[in-house]
Amino acid sequence: MTPPAADGEVTIGVAVAVPEPHASHLQRCRSEFGDPLAEAIPTHVTLLPPTPLARDRLLGAREHLAGVAAAARPFRMHLRGTGTFRPVSPVVFVQVARGISECEQLERGVRSGPLCRETQFSYHPHVTVAHDVGAAALDRAFDALAGYEVVFDVGGFDLYEHGEDGVWRPAEHFTLGGPR
């Protein structure tokens, strides 16, 4: 669970949004597996995990993200099958089968400059479908989506802000290759 931002701060994240209808399908699955945050977190591939940021640094962060996006090119993402971080973390995810290196490059660019920060784990692009649920629900998620597969084009990423109500909302979209 993401703690609320301190006074004068906003908690942000940066991610590649999974497009519709795939996003809604995976979000429904996440909810069916009992994940309490299913409705609060849009379906995505993280580039920057929850990060507290002083509100007066938000403009600089946005300018930084625009530069990262302008330097990158659109790419194709292929999601296929499931994986897990167990026993280290109670997470089941849909695997990124194509687009890994592009996500890694974006993550390195995003997590630099004004958004430079240490992370708890090494970067591994994925789409979470069950988190902090019991072992049986994790097993069910792993099995239910083992054959899941979808391919889509990625043309940008989003800056998300964590609301006081605990919901993550997109605040700005950044187009890969710059504005069109």
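Please refer to the structure placed before this passage.
Note that the structure is predicted; figures quoted are calculated from it, not measured.

### A closer look at the overall build of the protein
When helices and strands are counted, the protein shows 4 helices and 8 strands. Counting from the amino terminus, the protein carries its helices and strands in the arrangement β-α-β-α-β-β-α-β-α-β-β-β. The globule rule puts the C-alpha radius of gyration for 180 residues at 16 Å, and the 16 Å found for the protein is close to it. Considering only C-alpha atoms, the protein reaches an extent of 45 × 35 × 30 Å along its principal axes. Relative to its 180 residues, the protein shows a buried fraction of 43%. Restricting the contact set of the protein to residue pairs at least 6 apart, pairs at least 24 apart contribute 75%. Accessible area for the protein stands at about 9200 Å²; split by element, carbon and sulfur atoms hold 52% of it. Computing the positive centroid from 16 side-chain charges and the negative centroid from 22, the protein places the two 5 Å apart.

### Brief notes about the sheet that holds strand E7 (residues 156-162)
Read from one edge of the open sheet, 4 strands run E2-E1-E7-E8, paired in antiparallel fashion. Of all strands in the sheet, those with a lone pairing partner are strand E2 (44-54) and strand E8 (168-175), marking the two edges. Each adjacent strand pair in this sheet contributes to an overall mean axis angle of 25°, direction not counted. One ladder, built from 8 bridges, connects strand E1 (residues 9-17) with E2; its direction is antiparallel. Residue pairing across strands places Thr-11 opposite Pro-52, the latter belonging to E2. Relative to E2, helix H3 (residues 100-110) is tilted by about 5°, and along the sheet it contacts E1, E2 and E7.

### Notes on the nonpolar core
In this structure, Met-77, Leu-79, Val-110 and Phe-157 are the most contacted members of the largest nonpolar core, which totals 45 residues. Considering every element that reaches this core, the biggest residue donor is helix H2 (residues 58-71), with 5 residues. Beyond its immediate sequence surroundings of up to four residues, Leu-79 is in contact with Val-18, Val-94, Gln-95, Val-96, Val-127, Tyr-148, Glu-149, Val-150 and Phe-152. With 5 residues, the next largest nonpolar core counts Ala-15, Ile-41, Tyr-160 and Trp-168 among its residues.

### Some points on the environment of Ala-130
Relative to the assigned elements, Ala-130 resides in strand E5 (residues 126-131). Spatially, the C-alpha atom of Ala-130 lies 9.5 Å from that of Arg-140, the residues being 10 residues apart in sequence. Apart from residues no more than four positions distant in its own chain, Ala-130 is found in contact with Arg-30, Phe-33, Asp-35, Pro-90, Val-91, Val-92, Leu-138 and Ala-141.

### A closer look at helix H4 (residues 135-144)
Inspection of H4 places Ala-137, Leu-138 and Ala-141 among the buried residues, and these make up the whole buried set. With its buried residues spanning 100° around the axis, H4 presents them on a single face. Looking at H4, the residues exposed on the side facing more than 90 degrees away from the buried face are Ala-136 and Asp-143. On its buried face, H4 is in contact with strand E3 (75-84), strand E4 (91-98) and E5.

So, how was this worked out
Residues numbered from 1 in each chain as written. Predicted model: local features only at pLDDT ≥ 70, side-chain atom pairs only at ≥ 80, totals over all residues. Heavy atoms only, no water. Helix = DSSP H or I, 4+ residues; strand = E, 2+ residues; numbered from the N terminus. Rg over C-alpha atoms; globule rule 2.2 N^0.38 Å. Buried < 20%, exposed > 50% of the residue type's maximum accessible area, 1.4 Å probe, protein only. Contact = heavy atoms within 4.5 Å. Areas by Shrake-Rupley, 256 points an atom, 1.4 Å probe, with all protein chains shown as cover. Lys, Arg positive; Asp, Glu negative; His and termini not counted. Charge placed at Lys NZ, Arg CZ, Asp CG, Glu CD. Pairing = 2+ DSSP bridges. Axes fitted to C-alpha atoms, helices over the stretch in contact; angles between N-to-C directions. Core = buried A, V, L, I, M, F, W, Y, C linked by side-chain atoms within 4.5 Å. Arc of directions from axis to C-beta.

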